[in-house]
Amino acid sequence: METDRTILVIDDDIDLVEVIRMTLENEGYRVIDAQTGERGLATAKREQPDLILLDVMMGTVDEGFQVAYELRGDEATREIPILMLTAVTDQTGFDFDPGKDQEYLPVNEFLEKPVSPRKLIDLVRKHLPAKA
Amino acid sequence: MAHRSPPAPDDASHFVSAASLRRRLEWFDRLRWVAVVCVVVATLVADGVLPGSLPVGRLLAAAAVLAVLNAVYTVRNLRVPPTDLRVELRHVKLQMVGDLFLLTVMLNFSGGIENPLLFMYLIHVIIASLLFKGREVFQIAWLAIFLLTADVAGEHLGLLAHHHLLSASPATHQLPFILLTLGSFWLVLLFAAYIGSSIMKHNRAIKDELVQRQRELVVADRAKLDFFRFVTHEIKSPVATAQSAVQAALELGEDDLPDQVKDLLGRAVGRLNLAIEMVKDLADFTRGGDLKRVEPAEIDLNVLIARIVDGQLDEAARRNVTINMSLPSIQPHVVGHAGMLEKIVRNLVSNAVRYSEPGGRVDVGLDLAPREYVLKVADQGIGIAPEDQEKIFDEFYRTRLAQDMSNLGTGLGLAIVRKFTEELGGTVTLESEPGRGSTFTVTIPRTGDTNPPREEP
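Residues numbered from 1 in each chain as written. Chains lettered and ligands numbered in written order. Predicted model: local features only at pLDDT ≥ 70, side-chain atom pairs only at ≥ 80, totals over all residues.

1. Describing the overall build of chain B
When helices and strands are tallied, chain B shows 12 helices and seven strands. Counting across all 457 residues of chain B, residues that qualify as buried make up 31%. Within chain B, counting contacts between residues at least 6 apart in sequence, those at least 24 apart form 75% of the total. (Helix = DSSP H or I, 4+ residues; strand = E, 2+ residues; numbered from the N terminus. Buried ≥ 20, exposed ≤ 12 C-beta atoms within 10 Å, placed from the backbone. Contact = placed C-beta atoms within 7 Å.)

The following block contains the structure:
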């Protein structure tokens, strides 16, 4: 059980946040959440989570992208791995190719909802930085 | 949601475009050459029959002026591309004014009011009423009336020379005949201008309405698409969350839940998955044109196919199906729409896996020809009866056998394959034998990429 790792979930779907919280807390992670991009950014800076789960669409179709760029642009949050979640891959009119777009999209993984609990746990483990 | 309405063309209420008007202008040029030849031939014939009755020199000079002007018009039409309708229309008007002047001059040399060719004025008014709007049509009609009336009055009053035409009777010099003819001329020309322009006005109104309706349709279509995207997202999000919740419940309670409950939750997950697939397929199916609007880019087909096959390996393993890829050894770079290609390949491969018997094999092959590329997906599955082979490309159609075998299909996969393939200008064909398997062959033309395939570095 890893009790000292914190995961920040930024998503306005409260039900999904609860599902993710239960799944990850069951694995021993601490889960904190934020329902808007703005609060997510503030929480990320303050709490310094070990990993961030970020939803693409919150208030606007690409709020998640803005948040991702700001997280990467800020010294304090630059190194935190980001797993990005989206409901419809091509919602914003262009398809993402996780292989190709990685260089443009500053996230570690791009996941289409629904993500099974097993897969989510595997990916969180994969991207969590090794303990200092 | 913001809609960009298409720009309103200035010339929407004209019946012609600059390019089509230009084609008519060129036609006028040819007609004018015919007129030049006719004037020359008629003059020479008339002079041969009745020597000295016509001022041959002047008539030929007028024909020469017409020829020179026409040469200028022809060269201009060759040099200047037809871009602005208003410029073209101004040009037509100028030519028409020039033609009317020359017509009057020639009529003056050949009998004036005695010459029945004064009907030529009417032709100009009719052409004007087809091309111009009301006021301008009457300008042309009044100009024709003025020119002929001035000529006739000038000749009658002795201000202009009068040349008898062949067998014209002396009655043509009498005022009643002149007034009767001129009066009829005025009436016919003005009436033609009125009828012509009012019919065209009505036609233009109809066309304006059609253009307007078309514009509204485009906007409505875009609104429908936006709405559809919104609905897709709004339906998929809660269903995906529900799926995640039930899935999490199943996994968290793995050891504690009674088998009955696990079975029920498993069924719920299955149906939620189907709902998600359905929403995704519907979104794909209605968004084809949208995907095509994305700029085509260079794609490595090997990478694209390998990635999709990779995504199907879990499902294949669960069904004990192997997937065999045969891809070209050179890097098959094409320029195309990756989004659409991916959906074509994914639907074919996932179908092949889904409808294979355990232990079966799926072959995914790619052939790169200079003008097209051919994708083949073959399975050893349940196959498709001949009577179903055309129908399976229809939306929501699933064969009895497919329904018995899997309740996961949405009936949209092959409809998407066919729609996207056709949108890319390609074809999809099927060879199948019930019980032995099916082979789907998608052929897509290589448009846009002219470079030969690169050698592997």
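2. Some words on the overall build of chain A
On a plain count of helices and strands, chain A comes out with five helices and five strands. Mapped in sequence order, the helices and strands of chain A form the string β-α-β-α-β-α-β-α-β-α. In chain A, which comprises 132 residues, the proportion classed as buried is 39%. Excluding contacts between residues fewer than 6 apart, the proportion of contacts in chain A whose partners are at least 24 apart in sequence is 69%.

3. A short note on the interface of chain B and chain A
Across the boundary between the two partners, chain B contributes 20 residues, which contact 21 residues of chain A. The biggest single contributor to the side of chain B that touches chain A is helix α6 (residues 175–252) of chain B, with 14 residues. Its residues assigned to classes, the side of chain B that touches chain A comprises eight nonpolar, eight polar and four charged. (Nonpolar A, V, L, I, M, F, W, Y, C, P; charged D, E, K, R; others polar.)

4. What about the sheet that holds strand β4 (residues 361–368) of chain B?
All names here are of chain B. Spatial strand order, β2-β4-β5-β7-β6: five strands in an open sheet with mixed pairing. Among the strands making up the open sheet, the edge pair consists of β2 (322–326) and β6 (427–433). In this sheet, adjacent strand axes meet at a mean angle of 10° when their direction is disregarded. By the bridge criterion, six bridges tie β4 to strand β5 (residues 372–378) in an arrangement that is antiparallel. Among the inter-strand pairings, Val-364 is bridged to a residue of β5, identified as Val-377. The sheet contacts of helix α9 (residues 301–318) involve β2, β4 and β5, and relative to β2 the element is tilted by about 170°. Across the sheet, helix α12 (residues 413–423) is in contact with β6 and β7 (437–445); its angle to β6 comes to roughly 145°. (Pairing = 2+ DSSP bridges. Axes fitted to C-alpha atoms, helices over the stretch in contact; angles between N-to-C directions.)

5. Quick word on unusual backbone geometry
Residue Pro114(A) is bonded to the preceding Lys113(A) through a cis peptide linkage, with omega at 0°. Note on placement: Pro114(A) falls in the loop between β5 (109–112) and α5 (117–127). Not every positive phi belongs to a glycine, and Gln48(A) is a case in point at roughly 45°. Of note, the phi angle at Asn320(B) is positive, near 60°, even though the residue is not glycine. Within the secondary structure, Asn320(B) is located in the loop between α9 and β2.

6. Some words on the sheet that holds strand β2 (residues 30–34) of chain A
Residues and elements named next belong to chain A. Spatial strand order, β2-β1-β3-β4-β5: five strands in an open sheet with parallel pairing. Of all strands in the sheet, those with a lone pairing partner are β2 and β5, marking the two edges. Averaged over all adjacent pairs, the angle separating strand axes in this sheet is 20°, with direction ignored. Across four bridges, the pairing between strand β3 (residues 51–55) and strand β4 (residues 82–86) is parallel. Within β4, the residue paired with Leu-54 across the bridge is Met-84. Across the sheet, helix α1 (residues 14–26) touches β1 (6–10), β2 and β3, and the angle it forms with β2 is around 165°.

7. Examining α5(A)
All names here are of chain A. All of the buried residues along α5 are Pro-117, Leu-120 and Val-124. One face of α5 carries all of its buried residues, which in axial projection span an arc of 60°. Turned more than 90 degrees from where α5 packs its buried face, Arg-118, Lys-119, Asp-122 and Lys-126 sit exposed. (Arc of directions from axis to C-beta.)

8. Section: the pairing of β4(B)
Residues and elements named next belong to chain B. Strand direction decides the pairing type here: β2 and β4, joined by five bridges, are parallel. By the bridge assignment, Ile-323 is partnered in β4 with Val-362. As consecutive antiparallel partners, β4 and β5 are separated by three residues.

9. Comments concerning the packing of helix α3 (residues 85–109) of chain B against helix α4 (residues 120–131) of chain B
Residues and elements named next belong to chain B. Contact geometry of α3 with α4 gives a least axis separation of 11 Å together with a crossing angle of 170°. By the angle class used here, α3 and α4 are roughly antiparallel. Contacts from Leu-89, Val-92, Met-96, Asp-99, Leu-100 and Leu-103 in α3 reach Met-120, Tyr-121, His-124, Ala-128 and Leu-131 in α4. Residue classes in the contact of α3 with α4 are distributed as nine nonpolar, one polar and one charged. (Parallel < 35°, antiparallel > 145°, perpendicular 65-115°, else oblique.)

10. Looking at the environment of Arg30(A)
Residue and element names in this part refer to chain A. Relative to the helices and strands, Arg-30 is located in strand β2. On a C-alpha basis, the gap between Arg-30 and Asp-50 in space is 9.9 Å, while along the polypeptide they are 20 residues apart. Apart from residues no more than four positions distant in its own chain, Arg-30 is found in contact with Arg-5 and Thr-6.

11. A closer look at the packing of α3(B) against helix α5 (residues 134–156) of chain B
Residues and elements named next belong to chain B. Contact geometry for α3 and α5: axes closest at 10 Å, N-to-C directions at 20°. Classified by the angle between their axes, α3 and α5 sit roughly parallel to one another. The handedness of the crossing between α3 and α5 comes out as right-handed. Judged by residue contacts, Met-96, Val-97, Leu-100, Phe-101, Thr-104, Leu-107 and Asn-108 of α3 engage Ile-140, Leu-143, Ala-144, Leu-147, Leu-148 and Asp-151 from α5. (Left-handed = near helix turned anticlockwise from the far one by under 90°.)

12. Let's talk about the confidence of the model for chain B
Residues and elements named next belong to chain B. In the predicted model, chain B carries a mean pLDDT of 84, and the fraction of residues at 70 or more is 90%. Below pLDDT 50 for its whole length, residues 450–457 participates in 12 contacts with residues either more than four positions away or in separate chains. The complex prediction reports pTM at 0.58, with the ipTM value standing at 0.82. (pLDDT = per-residue confidence, 0-100.)

13. Re α3(B)
Residues and elements named next belong to chain B. If you check α3, its first and last C-alpha atoms are 36 Å apart, about what 25 residues at 1.5 Å a residue would give, namely 36 Å. Inspection of α3 places Glu-88, Met-96, Asp-99, Leu-100, Leu-103, Thr-104, Met-106, Leu-107, Asn-108 and Phe-109 among the buried residues, and these make up the whole buried set. Looking at the buried side of α3, the elements it contacts are α1 (18–49), α2 (56–79), α4 and α5. Trailing α3 by a residue or two, Gly-111 shows a phi angle of about 105°, which is positive. (Expected span 1.5 Å × (residues − 1).)

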